[in-house]
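# Report on the structure
Residues per chain, in single letters:
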Amino acid sequence: MKKRQKWLTGLASFSCVMTLDPQTRKLLDFAARSRVAPYWELGAVAAREFYEKAAVTLEMAPAQLHEVNDLVIDFEAPSRRLLIRHYLPKPSTWSDPQPALLYFHGGGFTIGSVQTHDRVCRRLAALSGAMVFSVDYRLAPEHQFPAAADDAFAALAWLRDQAAGLGVDAQRIAVGGDSAGGTLACACAIHARNNDWPLALQLLIYPGLAALQDTDSHQRLAQGYLLEATTIEWFFGNYAPRQDQRKDWRFAPLELADFAGLPPVWIGHAQYDPLVDEGKAFAQRCREAGVAVEEHEYPGMVHAFFQHGGMVPMALQAHQDAARALVKALEIES
């Protein structure tokens, strides 16, 4: 009987691996053979350096845009300076304001930058026709909770306040991001709702949304699918080491009591992502509160696949889907 149970367990595991996207499976095999230490052994500084180099190797060629500028913004309260990269797919003037996406990169609040997500932002701008503003928010462990959320809120307020001078239509702004960036985008949407600021869309790409990593997908996909449980705990320990911080909706939007009045949601899940269950739970909570939701689950994909456009064709499809959602929500004319 024990042999049969072991055999069935092995068969289930084999079946799961066999349904992975073939190119993704190659990526996972390469990662498994790599001699590079995991992020939590490298430490934050070395992990950032490695990620900066690795991110570009799986990306597609950069999309050509009308203009890309780096803006350095000084904020007085609290005092800090942020880099925001501005992507313009076409010329824009104050007399012809254009819609915009405020984008937050992923990386567990610890790694990642506007540079690691440059090609994703270029592609979203090129495919949708919307301006994209990518935010280089402060990272942990040097800057712990709620530093990243504070930067996200400040960036959104800045974009609204400076919309006219930037050629942005303040009534057609979306927020978006992947992974931890999706967390920040969702927190911005809640913050905007609380302040009566209009937002057209939340563009959430496999976002982190829960206080505890105790769902079935976290247990089932804890190891072997690129984003592993030890790495998640290291990321979150860097940013929000206290349990009371993790119960705050700025870290875990699923802790929010009232979802009514939030902006519409486009959410993309990866089938083999530990975060997939919390993403689905968030989508369901939004629907129950009367929030419009468009939900996509990408079969055979793992966490971070949105950045694998140079290797994984499904990533290119996800880019197209996200861009279509922006076109629709921001009322962009082709």
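Our structure is the block above this text.
What comes next is a walk through the structure. Here the structure is a predicted model, which means the values were calculated and not measured.

## Side note on the overall build of the protein
The helix and strand inventory of the protein stands at 13 helices and eight strands. By the compact-globule yardstick of 20 Å for 334 residues, the protein fits well, its C-alpha radius of gyration being 19 Å. For the protein, the C-alpha atoms occupy an extent of roughly 75 × 40 × 40 Å along the three principal directions. Classification of the 334 residues of the protein by burial places 54% in the buried group. With the model as given, the accessible surface of the protein reaches about 14,700 Å², and the carbon-plus-sulfur share is 53%. The distance from the centre of the 31 positive side-chain charges to the centre of the 38 negative ones in the protein is 8 Å.

## Considering the packing of aromatic side chains
For the coordinates displayed, the defined rule picks out 16 aromatic pairs. Seen from their ring centres, Y39 and F50 are 6.4 Å apart, and the 65 degrees between their planes marks the pair as edge-to-face. Residue Y39 is found in helix α3 (residues 39-42), and its partner F50 is found in helix α4 (residues 44-57); the two are separated by eleven residues along the sequence. Between F109 and F236, the aromatic rings sit 6.4 Å apart at their centres with planes inclined by 50 degrees, giving tilted as the arrangement. Pair noted here: F109 is in the loop between β3 (98-104) and α5 (118-128) and F236 is in helix α10 (residues 229-239), with a separation of 127 residues, a long-range link. The same class applies to F109 and to F236, which are both buried. Ring-pair connections join several aromatic residues into one group, and the members of that group are F109, F145, F236, Y239 and F251. One Lys or Arg, R80, reaches over the ring of F75 and ends 5.4 Å from the middle of that ring.

## Observations concerning the pairing of strand β4 (residues 131-136)
Walk down a regular strand and you will see the side chains alternate between the two sheet faces. With five of six residues buried, β4 lies mostly within the body of the structure. For strand β2 (residues 80-88) and β4, the ladder comprises five bridges, and the chain directions are antiparallel. Its bridge partner lying in β4, I84 is registered against V135. Bridge analysis of β3 against β4 gives five bridges, and the strand direction is parallel. Within β4, the position partnered with L101 by the bridge is V132. Regarding the hand of the β-α-β motif, the stretch spanning β3, α5 and β4 is right-handed.

## Observations concerning the layout of surface pockets
Taken as a whole, the largest pocket encloses approximately 1,300 Å³ of empty space. Surrounding the largest pocket, 48 residues form its lining, A31, Y39, F50, L226 and L227 being those nearest its centre. Elements represented by at least two residues in the lining of the largest pocket include exactly α2 (22-33), α3, α4, α8 (180-194) and α10. With seven residues, the single largest contributor to the lining of the largest pocket is α2.

## A look at the nonpolar core
Considering soluble globular proteins, one finds that nonpolar side chains tend to be buried as a cluster. Counting residues in each nonpolar core, the largest one holds 69 residues, and the members touching the most others are L102, F104, F133, V168, Y239 and F282. Those residues in contact with L102 that lie beyond four places of it in its chain are F133, V135, A155, L156, L159, A174, V175 and G176. Counting 31 residues, the second-largest nonpolar core is a separate cluster that includes Y87, C121, F305 and A315.

## Let's talk about the packing of α5 against helix α13 (residues 313-329)
In the contact formed by α5 and α13, the axes pass within 9 Å of each other and the chain directions differ by 55 degrees. As the angle between them shows, α5 and α13 are arranged oblique. The handedness of the crossing between α5 and α13 comes out as right-handed. Contacts between α5 and α13 pair R123, L124, L127 and S128 from the former with L316, H319, Q320, A322, A323, L326 and V327 from the latter. Partitioning the contact of α5 with α13 into residue classes produces seven nonpolar, three polar and one charged.

## Focus on the pattern of salt bridges
Between side chains of opposite charge, a pair can form when the charged atoms approach closely. Within this structure, the stated rule accounts for 15 salt bridges. Here D151 ties to R80 by a salt bridge, and the two come within 2.3 Å at their closest N and O atoms. Of this pair, D151 sits in helix α6 (residues 147-161) while R80 is found in strand β2, placing the two residues 71 residues apart along the sequence. Neither residue differs from the other here; D151 and R80 are each classed as buried.

Reading the values: the criteria
Residues numbered from 1 in each chain as written. Predicted model: local features only at pLDDT ≥ 70, side-chain atom pairs only at ≥ 80, totals over all residues. Heavy atoms only, no water. Helix = DSSP H or I, 4+ residues; strand = E, 2+ residues; numbered from the N terminus. Rg over C-alpha atoms; globule rule 2.2 N^0.38 Å. Buried < 20%, exposed > 50% of the residue type's maximum accessible area, 1.4 Å probe, protein only. Areas by Shrake-Rupley, 256 points an atom, 1.4 Å probe, with all protein chains shown as cover. Lys, Arg positive; Asp, Glu negative; His and termini not counted. Charge placed at Lys NZ, Arg CZ, Asp CG, Glu CD. Phe/Tyr/Trp six-rings, centres within 6.5 Å; stacked < 30°, edge-to-face > 60°. Lys NZ or Arg CZ within 6 Å of the ring centre and 35° of its normal. Pairing = 2+ DSSP bridges. Right-handed = clockwise from strand over helix to strand, strands pointing away. 1 Å grid on protein atoms, 1.4 Å probe; cavity = no way out; pocket = protein on both sides within 12 Å on 5 of 7 lines; lining within 4 Å. Points joined across faces, edges and corners; volume = space filled by probe spheres on them. Core = buried A, V, L, I, M, F, W, Y, C linked by side-chain atoms within 4.5 Å. Contact = heavy atoms within 4.5 Å. Axes fitted to C-alpha atoms, helices over the stretch in contact; angles between N-to-C directions. Parallel < 35°, antiparallel > 145°, perpendicular 65-115°, else oblique. Left-handed = near helix turned anticlockwise from the far one by under 90°. Nonpolar A, V, L, I, M, F, W, Y, C, P; charged D, E, K, R; others polar. Salt bridge = Lys/Arg side-chain N within 4 Å of Asp/Glu carboxyl O.

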